[in-house]
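Per-entry structural report
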Amino acid sequence: MRLVLTSDTHVPARARRLPAELLAAVDAADVVLHAGDWVDEATLDVLAARSRRLVAVYGNNDGPGLRARLPEVAEAEVGGLRFAVVHETGAARGREERCARRFPGVDVLVFGHSHIPWDTSAPGGLRLLNPGSPTDRRRQPHRTYMTATAADGVLADVRLHRL
């Protein structure tokens, strides 16, 4: 299964629309995981219409309309792996251990909030992935999103794409 991981789209606050490269990746993906901070419902509608399957949550910048439509935490089985998606995970220090305690039995945690790409594993095997932001690089050199594949209980081909 082909995956797209994205977060912190912040449309229209940080960009007028999602980048064409990200939308092309969404069109080719089997599953899209979005870790919150959409800002507007129209962006959710665009990804929902273009995605074969969308697993998504709201973030701290998302108002009542998005919070009514999306959970704070989403879990899904994809390619034999248990995924969880959440916007915030707290400070970088101690993140792996804290998230492993918070999400027992999860294989992959997709999160956002910082706009800083992140790819680590916790003791016990939980993989933590933050795809950054495709619209707001903050202190990073590039705007980013991630792709990966999941099949037979294996996450592979994790790639950070620079925009």
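As a starting point, this report considers the structure included with it. In this text, all values refer to a predicted model and were calculated from it rather than measured experimentally. (Residues numbered from 1 in each chain as written. Predicted model: local features only at pLDDT ≥ 70, side-chain atom pairs only at ≥ 80, totals over all residues. Heavy atoms only, no water.)

The next point concerns the overall build of the protein chain. For the protein chain, the count of helices and strands is 4 helices and 10 strands. Starting at the N terminus and walking to the C terminus, you meet the elements of the protein chain as β-α-β-α-β-α-β-β-α-β-β-β-β-β. Computed over its C-alpha atoms, the radius of gyration of the protein chain comes to 14 Å, within 12% of the 15 Å expected for a compact globule of 163 residues. Across its three principal directions, the C-alpha atoms of the protein chain cover 40 × 35 × 30 Å. Per-residue burial over the protein chain gives 48% buried out of 163 residues. Contacts spanning at least 24 positions in sequence make up 54% of the contacts within the protein chain whose residues lie at least 6 apart. With the model as given, the accessible surface of the protein chain reaches about 7,500 Å², and the carbon-plus-sulfur share is 48%. Distance between charge centres in the protein chain, computed from 22 positive and 20 negative side chains, equals 5 Å. (Helix = DSSP H or I, 4+ residues; strand = E, 2+ residues; numbered from the N terminus. Rg over C-alpha atoms; globule rule 2.2 N^0.38 Å. Buried < 20%, exposed > 50% of the residue type's maximum accessible area, 1.4 Å probe, protein only. Contact = heavy atoms within 4.5 Å. Areas by Shrake-Rupley, 256 points an atom, 1.4 Å probe, with all protein chains shown as cover. Lys, Arg positive; Asp, Glu negative; His and termini not counted. Charge placed at Lys NZ, Arg CZ, Asp CG, Glu CD.)

Okay, the nonpolar core next. Of all hydrophobic cores here, the largest spans 20 residues; its most connected members are Leu3, Leu33, Phe83, Val85, Val110 and Leu155. Within the residue set of this core, elements represented by two or more residues are β1 (2–6), β2 (31–34), β4 (73–78), β5 (81–86), β6 (108–110) and β9 (144–151). In this structure, valine 85 is in contact with Leu33, His34, Ala35, Val55, Val57, Glu72, Val73, Ala74, Leu109 and Val110, ignoring residues within four places of it in sequence. Judged by nonpolar contacts, the second largest core, of 17 residues, contains Leu18, Val26, Leu44 and Leu66. (Core = buried A, V, L, I, M, F, W, Y, C linked by side-chain atoms within 4.5 Å.)

Attention shifts here to the sheet that holds β2. Strand pairing within a sheet occurs via backbone hydrogen bonds; the two strands may be parallel or antiparallel. Pairing is mixed in the open sheet, where 5 strands are placed in the order β3-β2-β1-β9-β10. Because the sheet does not close on itself, it has two edges, and the strands there are β3 (54–56) and β10 (154–162). This sheet shows a mean twist of 20 degrees between the axes of neighbouring strands, independent of strand direction. Together, β1, β2, β9 and β10 form the strand contacts of helix α1 (residues 20–28), whose direction differs from that of β1 by roughly 145 degrees. (Pairing = 2+ DSSP bridges. Axes fitted to C-alpha atoms, helices over the stretch in contact; angles between N-to-C directions.)

For the rest of this paragraph, the subject is the sheet that holds β5. Here 5 strands make up an open sheet; going across it, the order is β4-β5-β6-β8-β7 and the pairing mixed. A single partner strand is all that each edge strand has here, and the edge strands are β4 and β7 (118–121). Averaged over all adjacent pairs, the angle separating strand axes in this sheet is 20 degrees, with direction ignored. One ladder, built from 6 bridges, connects β4 with β5; its direction is antiparallel. Across the sheet, residue alanine 76 finds its bridge partner in β5, namely phenylalanine 83. In the packing of helix α4 (residues 95–102) onto the sheet, contacts are made with β4, β5, β6, β7 and β8 (127–130), and the angle to β7 comes to roughly 70 degrees.

Let's shift gears to unusual backbone geometry. Leaving glycine aside, a negative phi is the common case for residues, and trans is the common case for peptide bonds. Cis geometry marks the peptide bond from valine 11 to proline 12, where omega comes out at 5 degrees. The phi angle at arginine 138 is positive, at roughly 45 degrees, despite the residue not being glycine. Of note, arginine 138 is situated in the loop between β8 and β9. Exposure remark for arginine 138: the relative accessible area of 39% places this residue in the partly exposed category. In the Ramachandran plot, aspartate 157 falls in the positive-phi region, its phi being about 55 degrees despite a non-glycine side chain. Take aspartate 157: it is sitting in strand β10. Overall, the relative accessible area of 57% leaves aspartate 157 in the exposed class.

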